Amino acid sequence: MKRGWRGYLTGVLLLALLWPAAADAQQGGKVLRMAIPTDPLMNPLYATDAAAVAVTRWLFSALTRPDPGTLQPAPDLAEKWEVSGD
């Protein structure tokens, strides 16, 4: 008798855990889910820990971003720029 209840409870828990993932897949949308160890600050001026820096980097764009290969500035929001002579 106890095994029947355990199996039923396990099935209900699995269904509860998998239901949101199935709903997202049916809607055809793309969802990024990730674990963040702390509650990050959403202000990029005060982001000091790794979680806050990662979240603010995904949420806020800059004029330029470093190119991963050369670490030279590459366009992000800026389409082009010129260096003045002074």
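Residues numbered from 1 in each chain as written. Predicted model: local features only at pLDDT ≥ 70, side-chain atom pairs only at ≥ 80, totals over all residues. Heavy atoms only, no water.

**Things to note about the overall build of the protein**
Broken down by element type, the protein carries 2 helices and 2 strands. Beginning at the N terminus, the succession of helices and strands in the protein can be written as α-α-β-β. Taken across its 86 residues, the protein has 10% of its residues classed as buried. In the protein, 2% of the contacts between residues at least 6 apart in sequence involve partners at least 24 apart. Accessible surface computed for the protein: about 8100 Å², of which carbon and sulfur atoms make up 62%. (Helix = DSSP H or I, 4+ residues; strand = E, 2+ residues; numbered from the N terminus. Buried < 20%, exposed > 50% of the residue type's maximum accessible area, 1.4 Å probe, protein only. Contact = heavy atoms within 4.5 Å. Areas by Shrake-Rupley, 256 points an atom, 1.4 Å probe, with all protein chains shown as cover.)

**Re the pattern of salt bridges**
Applying the stated criterion across every chain, the model contains 1 salt bridge. Among the ionic pairs, Arg-65 bridges to Asp-76, the shortest N-O distance being 2.9 Å. With a gap of 11 residues between them, Arg-65 in strand E1 (residues 64-66) and Asp-76 in the segment after strand E2 (73-75) connect regions that are remote in the sequence. (Salt bridge = Lys/Arg side-chain N within 4 Å of Asp/Glu carboxyl O.)

**Notes on the side chain of Thr-56**
One can find Thr-56 in helix H2 (residues 50-59). Discounting chain neighbours no more than four positions away, the residues touching Thr-56 are Leu-41, Met-42, Asn-43, Pro-44 and Ala-47.

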